[in-house]
Amino acid sequence: MDTTGCSHHLSYADWSLSETQFDPNQLHSRETVFTIGNGYLGTRGSFEEGYPHALPATFIRGVYDEVPIVYTELANCPDWLSFTITADGERFRLDRGEILSYERQLDLHWGILNRRVRWRSPNGKTLDLDFQRFASLADEHVLGIRCQLTPVDCDSLIEIQASINGYPENQGFDHWEWLDQGKTDRGIWLQVHTRTSRIELGMASGMTVSGAEALLQVTSVPGYPTLTTTFLAAVEKTVTLEKVVTVFTSREVEAPVQAAQVKLAQLPAYSVLLTAHEQAWDEIWQKSDVVVEGDTKAQLAIRYNLFQLLISASRHDKRVSIPAKTLSGFGYRGHIFWDTEIFILPFFTFTQPEIARNLLTYRCHTLNGARRKAAFYGYKGAMFAWESADTGDEVTPRWALPNQPYGEEVRIWCRDREIHISSDIAYAVWYYWQATGDDEWMRDCGAEIILDTAIFWMSRVEWNTQQERYEIREVIGADEYHEQVNNNALTNRMVQWHLEKAIYVFDWLSNRFADRAAELKQKLHLTSERCRRCQDIVTNLWIPYDPTTRLIEQFEGFFNLEDINLDDYEPRTRSMQALLSIDGANKRQVLKQPDVLMLLYLMRGVGEFPYSQEVLLKNWGYYAPRTDITYGSSLGPAIHSILASDLGASAEAYERFMQAALVDLEDVRGNAADGIHGASAGGVWQAVVLGFGGIHLAGDEPVANPHLPSGWMRLHFKLHWHGKWHEFDLRPIS
Ligand code: IFM
């Protein structure tokens, strides 16, 4: 096991990661890695002074806009980082002059990003620069940057421009229209709104200078309000500049620009803001931390993944959820997938249940979009979007455009066929309820989600008269290498499970909250005929499972496809779909990500059919070697890690876990630039707690059956279950 804690120029300590060399080739992936945020917004780790071709971005939860006709996406918001330094007429920038020393460090405990640079200008003047930034967790509308500047070899005339950049882009498209800008006693402000969704944003900023005689001035290029100051910095004397920023949108307040100005006027000193922010982080970690002793790299990687989840989850807004790439990148345009409910949610359900509740309430808020989708396809009830944004309407693009002039467009079928998401959401609702006992939320939100999606399934299943069974045809399972299949085991079994729970929930509601039951009965047309049909489907929905071999067939006909030995394709650096083409992968027994194994994992929690150790062993033996685990989906490795732990395959469990844990830190898949792999981050928590910790939640209490990786001397975490905290302090059996 590598516990040296250093690779790819990142070094790892228990609570911090450091980059000790700047590599322009890693500019974009490191912008993702050094993302900070506070659940309201996420800001990529771009440099304050800018860099050629950089991709700076700040995404605020729920601020979606349209690129007309083509996409709905999270709009990149005005850039609050902009801070340029000119020393004796030479502008500080890392692509000019010489970097004499460099360290960028993300402190996960306190949520602070630091950068220390010794820079020699092209004319040979040396400056020490120390940057710090944070997005306050104590007050999510407050952001701060501190820059400490020290001339090393002679006095220097310094000019600083601290701006709000109102021209952010989403890969060439500017979502913002300028409305106004100005200055107040405390600084500058900008007012803009999105072009189509008309979300207004107000940002204000102030700055203080200490350690030099300096006056602030306002310069007002339209869309680019700027605070400027010029001062003489004496050699070896440090000058400190503190830029604070406030931001609101019309999603939270009626008059965002006034709110930003008022907040700015009331702000205490930077140091006070920082202390409050640190206290808030300390409280969060009291509940959500996972301690590992004996493996520094794993310890840091776990905390890093949890940090990235914690900064992308809303504490105060129930109308938003976590995008697949969190709030850290342009990938998937800020859309929300099953990644949240199945991969990310358990971490919140068990350590920050109020956040889990918010995330699920987003699905309640978007039920009408799901109803419109069902109606569009000719079904009843609510059919959740494969990719969802603000309204819940389907936002998966229909076509992927070619990146060469004569390439072909590729139809994206997930929007039409990857329908298991409706059951995945019901599954998450059910387990949130099981874990928290939050009956009020179940009454007000959860029940309606489970019931109306059940109604969708009742209209989606088909009766096969010859076989006398219900079937679900023309779907895509979790494995997206097979794009049109019938009777996908994962989909069918999840639907069966879902309908069973729908019957239970309606009975429960009728007994506990008769008025609400009556209301939903009327609203959703829950007739007794519908209830009978629901039970009939539960009994007669076909699951392709062979009790003699104990093998579940991924979908009807999967075992008849051409078999494949993935070793024959090694060494490779591309996915099997890229090697074989879409059609080629479609025709073979090769999986992008766990499908049957995903089903077994989902059924594992409560020991539901067909989960048993024997079934798991058989299906693991069949499907794991056929899964493109390294180059397929990033959702796969954490799930394989958990199942490998269950089967006692400790080395494989650790290998898969590290693959997931380092996916962004070490850019394992080469696409960290697009943003954090949120599902993988959630999977990391599950791999540690449910896999290595071996937590089972079947009875009244969570119970641990640990399988610690070799070298781990301690694994400690807390779980919130049925209103009580349970603490686990696991050690290897000596
Ligand atoms: O939701 C996933 C899907 O399972 C695989 N492709 C990427 C999506 C977003 O992460």
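These notes cover the structure that comes with them. Remember, it's a predicted structure, so these values are computed and weren't measured experimentally.

## Remarks on the site of the ligand
Move 1: Neighbouring residues of the ligand: A324, Y332, F337, W338, D339, W386, E480, K592, Q593, S633 and L635.
Move 2: Surface burial for the ligand is 92%, taken as the share of its 280 Å² of free accessible area covered by protein chains.
Move 3: When atoms are counted within 2 Å of each cavity's grid points, the one that captures over half of the ligand is the largest pocket.
Move 4: Looking at the shell around the ligand residue by residue, the class counts come to six nonpolar, two polar and three charged.

## Here's the deal with the layout of surface pockets
Space left empty within the atom packing is revealed by a probe, the size of a water molecule, rolled over the atoms.
Move 1: The computed volume of the largest pocket comes to approximately 1600 Å³.
Move 2: Looking at the largest pocket, it is lined by 45 residues, and the ones nearest its centre are Y332, E480, Q577, K592 and N671.
Move 3: Going through the elements one at a time, α5 (338-351), β23 (410-411), α14 (576-586) and α19 (678-692) are the ones with two or more residues in the lining of the largest pocket.
Move 4: Among the elements that make up the lining of the largest pocket, the one with the highest residue count is α19 (three residues).
Move 5: Looking at the lining of the largest pocket residue by residue, the class counts come to 20 nonpolar, 15 polar and ten charged.

## Quick notes on the sheet that holds strand β5 (residues 41-43)
Move 1: Across the sheet, which stays open at both edges, the four strands sit in the order β4-β5-β6-β7 with antiparallel pairing between neighbours. In this open sheet, the two edge strands, each paired with only one partner strand, are β4 (36-37) and β7 (71-76).
Move 2: Looking at chain direction, β5 and strand β6 (residues 58-67) are connected through three bridges and run antiparallel. Paired with L41 across the bridge in β6 is I60.

## Focus: the packing of helix α15 (residues 596-604) against helix α16 (residues 613-623)
Move 1: Packing of α15 against α16 leaves a shortest axis separation of 10 Å and a crossing angle of 155°. Here α15 is positioned roughly antiparallel relative to α16, judged by the angle of their axes. Crossing handedness for the pair α15 and α16: left-handed. Residues V596, L597 and L600 of α15 form the contact with α16, whose own contacting residues are V615, L616, N619, W620 and Y623.
Move 2: Its residues placed into classes, the contact of α15 with α16 shows seven nonpolar, one polar and no charged.

## Description of the environment of A400
Move 1: Note on placement: A400 falls in strand β22 (residues 399-400).
Move 2: Taking the C-alpha atoms as reference points, A400 and H677, separated by 277 residues in sequence, lie 20 Å from one another.

## Description of the pattern of salt bridges
Move 1: Tallying each qualifying case throughout the model produces 49 salt bridges.
Move 2: The partner of R626 in a salt bridge is D563, and the shortest N-O contact between them spans 2.8 Å. One end of the pair, R626, is in the loop between α16 and α17 (636-646); the other, D563, is in the loop between β27 (551-552) and α14, with 63 residues separating them in the sequence.
Move 3: With relative accessibility at 40%, the residue D563 sits in the partly exposed group.

What counts, and where the lines are drawn
Residue indices begin from 1 for each chain and proceed along its sequence in written order. The model is predicted, so local features are restricted to residues of pLDDT at least 70 and side-chain atom pairs to those at 80 or more, both for listing and for counting; the totals for chains, interfaces and linings are taken over all residues. Computation of side-chain values covers all heavy atoms of the structure but excludes hydrogens and water. Any residue with a heavy atom lying within 4 Å of a molecule or strand is counted as near it. To measure how exposed things are, a 1.4 Å probe is used in the Shrake-Rupley method; for residues, cover is taken only from the protein chains shown. Think of a 1 Å grid over just the protein atoms. A cavity is a set of points where a 1.4 Å probe fits yet cannot get out, a pocket is an open set with protein on both sides within 12 Å along at least five of seven lines, and lining residues have an atom within 4 Å of a point. To decide whether a molecule occupies a pocket or cavity, check its atoms: if more than half lie within 2 Å of the grid points, it is inside. Any residue outside Ala, Val, Leu, Ile, Met, Phe, Trp, Tyr, Cys, Pro, Asp, Glu, Lys and Arg is labelled polar, Gly included; the first ten of those are nonpolar and the last four are charged. Grid points are joined across faces, edges and corners, and a volume is the space filled by probe spheres set on the points. Helix numbering and strand numbering both begin at the N terminus, where a helix is a DSSP run of H or I of at least 4 residues and a strand a DSSP run of E of at least 2. Strands were regarded as paired on the criterion that DSSP finds at least two bridges between them. All axes here are fitted lines through C-alpha atoms, helices being fitted over the stretch that makes contact, and every angle between N-to-C directions spans 0 to 180 degrees. What sets the label is the angle itself: under 35 degrees gives roughly parallel, over 145 gives roughly antiparallel, 65 to 115 gives roughly perpendicular, and the rest give oblique. The crossing is said to be left-handed when, going from far helix to near helix, the turn is anticlockwise and less than a right angle, and right-handed when the turn is clockwise. Any two residues having at least one pair of non-hydrogen atoms within 4.5 Å are treated as being in contact. A side-chain nitrogen of Lys or Arg and a carboxyl oxygen of Asp or Glu constitute a salt bridge if their distance falls within 4 Å. Categorising residues by exposure relies on relative accessible area from a 1.4 Å probe, with only protein chains included: less than 20% of the type maximum marks a residue as buried, more than 50% marks it as exposed, and the intermediate range marks it as partly exposed.

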